[in-house]
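Here's the letter readout for the chains.
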Amino acid sequence: MALSDKERAILDFERSWWLEPGPKEAAIHERLHLSSTSYYRALGELIDSDDALSYDPLVVRRVRRLRERRRRARYERRASGERPGR
């Protein structure tokens, strides 16, 4: 299934958000008309898509790596007995 205009816009935004003035969350709302929560949920689902990988492999792979690092860090904290937020 091909990517929708909104999905392409999310990937395009993720590719260049740091060029936007101000905080990322404000740019998400202004440019995409999404809450940060909705944006990150959509991005998380999108990066598992083969269509997204075909559309922008660099962005998809970068976001996948970041997600995996965060997962690994959470797992290691739990395994060490460290409490979240400490």
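Source: prediction; values computed, not measured.

### A word on the overall build of the chain
Stage number 1. Along the backbone of the chain there are five helices and zero strands.
Stage number 2. The N-to-C order of helical and strand elements in the chain reads α-α-α-α-α.
Stage number 3. Each principal axis of the C-alpha distribution contributes one length, and for the chain these read about 45 × 30 × 20 Å.
Stage number 4. Element-wise, carbon and sulfur atoms account for 52% of the exposed surface of the chain, whose accessible area totals about 6,300 Å².

### With respect to the side chain of K24
Stage number 1. Along the chain, K24 turns up in helix α2 (residues 24-32).
Stage number 2. Engagement of the side chain of K24 in a polar contact is seen with the side chain of Y40, the distance being 3.5 Å.
Stage number 3. Not counting the four nearest positions on each side in its chain, K24 is found in contact with F13, E14, W17, Y39 and Y40.

### A short note on the pattern of salt bridges
Stage number 1. Taken as a whole and judged by the stated rule, the model has eight salt bridges.
Stage number 2. Notably, a salt bridge pairs K24 with E14, separated by 3.1 Å at the nearest N-O pair. Placement of the pair is K24 in helix α2 and E14 in helix α1 (residues 5-16), with a sequence separation of 10 residues. This pair shows no difference in class: K24 is buried, exactly as E14 is.
Stage number 3. Across the pair R62 and E14 runs a salt bridge whose closest N-O atoms are separated by 3.7 Å. Note that R62 is positioned in helix α5 (residues 57-80) and E14 in helix α1, a separation of 48 residues in sequence.
Stage number 4. Connected through salt bridges with shared partners, the residues D12, R15 and D56 form a single ionic network.

The rules behind each value
- Residues numbered from 1 in each chain as written.
- Predicted model: local features only at pLDDT ≥ 70, side-chain atom pairs only at ≥ 80, totals over all residues.
- Heavy atoms only, no water.
- Helix = DSSP H or I, 4+ residues; strand = E, 2+ residues; numbered from the N terminus.
- Areas by Shrake-Rupley, 256 points an atom, 1.4 Å probe, with all protein chains shown as cover.
- Polar contact = N/O pair within 3.5 Å; in protein donor to acceptor, adjacent residues only side chain to side chain.
- Contact = heavy atoms within 4.5 Å.
- Salt bridge = Lys/Arg side-chain N within 4 Å of Asp/Glu carboxyl O.
- Buried < 20%, exposed > 50% of the residue type's maximum accessible area, 1.4 Å probe, protein only.

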